[in-house]
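Here's the letter readout for the chains.
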Amino acid sequence: ATVGNLVGAEDVVVLLHEDSPVVGRVEAAIEELGERLAVTPQVAVGPAVYRAGDPTAALEVLEGADRIEPRRQPPSPASHGLYGRPTAVHSVRTLLQARATLQRELPGLSPSDGAVEEALEGDGAPSRLFSVTGYVGPPAVVEISADESLSTVRATVTPTDGVQMACVGGIFGGLTDTLGPQASAEAVTDTGLGATGGVEILGTDRCPVAETGERVQFAAEENSGRCVPGREGTQQLAELLRKVYAGEFDEKKIRELARVMRRSANCQLGATAPRPVTTALDRFGAQFHDHADGHCPSGVCSDNL
């Protein structure tokens with residue numbers, strides 16, 4: 001509601017998937033706040049499928065489209081969004097970041113005139129929020145300075161198993177055996193990882209080769225089918241990874257396919273699906289060769305070799 005007020009929105013819509021446990025909580029919160037909100041949010045629900053989370057696919061869900069797929073751009077939602085109206089689409093992460101800033105700068109969330117704008121545009125050190133999940137107990141949401149190392153995030157949780165690697169940036173984030181980069185979006189992106197704010201800690205019983213295969217297969221099943229990189233590229237990438245188990249490891253072909261997908265995909269799913277693969281090749285390349293030779297160093301894939 002605050003973001004909607006800041007941009008002068010006439011309507012604010014909260015889109016949740018139909019199986020979400022927070023639908024009732026969001027509706028109760030809106031009712032409790034009542035007239036205190038300058039713009040009263042509307043709650044909508046959509047199918048619990050990954051592709052519905054793409055910003056423009058979310059607009060298709062809200063408009064009741066039979067087939068959920070990202071829209072071609074341009075025009076962007078900022079000029080032609082929901083029902084043709086200019087639309088600002090924000091993820092939960094963006095709104096949580098704004099909320100953290102307001103809570104830090106305006107304790108109690110009782111902003112005076114202009115205070116919200118001043119807080120969001122302040123000259124203090126920027127911070128980033130990370131959701132830390134995986135082989136940890138319990139999971140956590142952590143706010144750290146953007147110039148701190150990602151290892152700071154790792155130090156806030158207790159792994160439940162030895163740490164084999166981490167996936168930074170959601171299901172199509174980058175796989176890494178080090179959390180040394182700074183937390184800023186620029187630094188994380190420069191190292192090939194994902195900047196969406198998720199850090200998944202993976203234990204010693206997880207294999208980098210199997211991990212990449214599972215994530216690419218998920219992309220092959222969940223893509224909208226609208227563009228060739230998403231529809232065909234994910235299938236071809238999954239097949240190239242399966243061939244590793246048959247003793248055929250063609251790193252050059254895998255990297256070239258990943259490059260084409262990144263540059264030509266219509267949505268983020270097709271563009272980011274290769275990222276777990278290319279980062280795993282960078283950090284765990286020797287294990288791909290081991291698998292092609294019939295050996296899984298982690299002992300996870302023995303039944304598949």
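Look above for the structure.
Per chain, residue numbering runs from 1 following the sequence as it is written. Side-chain atom pairs in this predicted model are given and counted only at pLDDT of 80 or more, local residue features only at pLDDT of at least 70, and totals for whole chains, interfaces and linings cover all residues. Where side-chain values are given, they derive from all heavy atoms of the structure, hydrogens and water being excluded.

Help me understand the packing of aromatic side chains, please; the structure alone is not making it clear to me.
Aromatic ring pairs are described here by two measures, namely the spacing of the ring centres and the angle between the planes. Only Phe, Tyr and Trp rings take part, Trp by its six-membered ring, and two of them pair if their centres are within 6.5 Å. Stacked means planes under 30 degrees apart, edge-to-face means over 60, and tilted covers everything else. As enumerated under the stated definition, the model contains four aromatic pairs in all. With a centroid separation of 5.6 Å and 25° between ring planes, the pair formed by F249 and F288 is classed as stacked. Of the two residues, F249 sits in the loop between helix 9 (228-245) and helix 10 (251-264) while F288 sits in helix 12 (residues 275-292), which places them 39 residues apart along the sequence. Assigned by exposure class, F249 and F288 land together as buried. The rings of Y50, F172 and F218 are connected pair by pair, giving a single aromatic cluster. Think of it this way: any DSSP run of H or I at least four residues long counts as a helix, any run of E at least two long counts as a strand, and we number them from the N terminus. Think of it in three bands: residues with accessible area under 20% of the maximum for their type are buried, residues over 50% are exposed, and the middle band is partly exposed, with areas taken using a 1.4 Å probe on protein chains only.

Sorry, what's going on with the pattern of salt bridges here?
It is possible for side chains bearing opposite charge to pair when their charged atoms get close. Each salt bridge in this description consists of a side-chain nitrogen of Lys or Arg and a carboxyl oxygen of Asp or Glu lying within 4 Å of one another. For the structure on display, the rule yields 15 salt bridges. The partner of E211 in a salt bridge is R215, and the shortest N-O contact between them spans 2.9 Å. Of this pair, E211 and R215 both sit in helix 8 (residues 208-222), four residues apart, which is roughly one turn of the helix. In this structure, E211 and R215 share a single accessibility class: buried. Among the charged side chains, a network of salt bridges with common partners joins E200, R206, E211 and R215.

How do you make sense of the sheet that holds strand 6 (residues 174-176) when you look at a structure like this?
Hydrogen bonds along the backbone pair up the strands of a sheet, which may run parallel or antiparallel. By definition, two strands form a pair when at least two bridges between them are found by DSSP. Taken together, five strands build an open sheet; the order of strands is 4-3-7-5-6 and the sheet is mixed. In the strand order of this sheet, the two ends are held by strand 4 (140-145) and strand 6, each with one partner. Put simply, the sheet's adjacent strands are angled 25° from each other on average, direction ignored. Relative to strand 4, strand 3 (residues 127-134) runs antiparallel, the two sharing six bridges. Following the sheet pairing, F130 is matched in strand 4 by V142. Contacts were defined at the residue level, with two residues in contact if any of their heavy atoms lie within 4.5 Å. Whenever a helix is involved, its axis is fitted only over the stretch in contact; in every case the axis is a line through C-alpha atoms, and angles between N-to-C directions fall within 0 to 180 degrees. Here helix 12 sits on the sheet and contacts strand 5 (163-168) and strand 6; the angle it forms with strand 6, its principal contact strand, is near 20°.

Before we go on, may I ask you to explain the nonpolar core in this structure?
Taken as a class, soluble globular proteins show a tendency for nonpolar side chains to be buried jointly. Ranked by internal contacts, the top residues of the largest apolar core, which has 30 residues, are L175, L237, F249, I254, V277 and F288. Residue assignment for this core shows that the elements contributing at least two residues are strand 5, helix 8, helix 9, helix 10 and helix 12. Among the elements that line this core, the one with the most residues is helix 12, at six residues. In these notes, a set of buried Ala, Val, Leu, Ile, Met, Phe, Trp, Tyr and Cys residues joined through side-chain atoms within 4.5 Å is what counts as a nonpolar core. Among the nonpolar cores identified, the runner-up in size contains 16 residues, and V153, V157, L179 and V188 belong to it.

Got a minute to help me understand the packing of helix 8 against helix 12 in this structure?
Helix packing for two helices is described by the angle between their axes and how far apart those axes are. Direction vectors running N to C along helix 8 and helix 12 enclose 130°, while the axes themselves pass 8 Å from each other. By the angle between their axes, helix 8 is oblique relative to helix 12. Judged by the twist between their axes, the crossing of helix 8 over helix 12 is left-handed. Residues P208, V209, T212, R215 and V216 of helix 8 form the contact with helix 12, whose participating residues are P276, V277, A280, F284, Q287, F288 and H291. Side-chain classes are defined by residue name, with Ala, Val, Leu, Ile, Met, Phe, Trp, Tyr, Cys and Pro counting as nonpolar, Asp, Glu, Lys and Arg as charged, and the others, Gly among them, as polar. The class makeup of the residues in the contact of helix 8 with helix 12 is eight nonpolar, three polar and one charged. Just so you know how the angles are binned, under 35 degrees is roughly parallel, over 145 roughly antiparallel, 65 to 115 roughly perpendicular, and the rest oblique. By convention, the crossing between two helices is left-handed when the near helix turns anticlockwise from the far helix through less than a right angle, and right-handed when the turn is clockwise.

I would appreciate a short explanation of the packing of helix 10 against helix 12 in the present structure.
At a minimum axis separation of 12 Å, helix 10 and helix 12 run at an interaxial angle of 170°. Here helix 12 runs roughly antiparallel to helix 10, going by the angle between their axes. Residues E251, I254, R255, A258 and R262 of helix 10 form the contact with helix 12, whose participating residues are V277, T278, L281, D282 and H289. Here the residues of the contact of helix 10 with helix 12 are counted per class, giving four nonpolar, two polar and four charged.

How do you make sense of the side chain of R71 when you look at a structure like this?
If you trace the backbone, R71 turns up in the loop between helix 3 (55-62) and helix 4 (92-105). Polar contacts, as used here, are pairs of N or O atoms within 3.5 Å; protein pairs need one atom able to donate a hydrogen and one able to accept it. Residues neighboring in sequence count only if both atoms are side-chain atoms. Reaching out from R71, the side chain makes a polar contact with the backbone oxygen of G81 at a distance of 3.1 Å. Sequence-distant contacts of R71, that is, excluding residues within four places in its chain, are made with T56, L59, E60, E63, H80, G81, R226 and N266.

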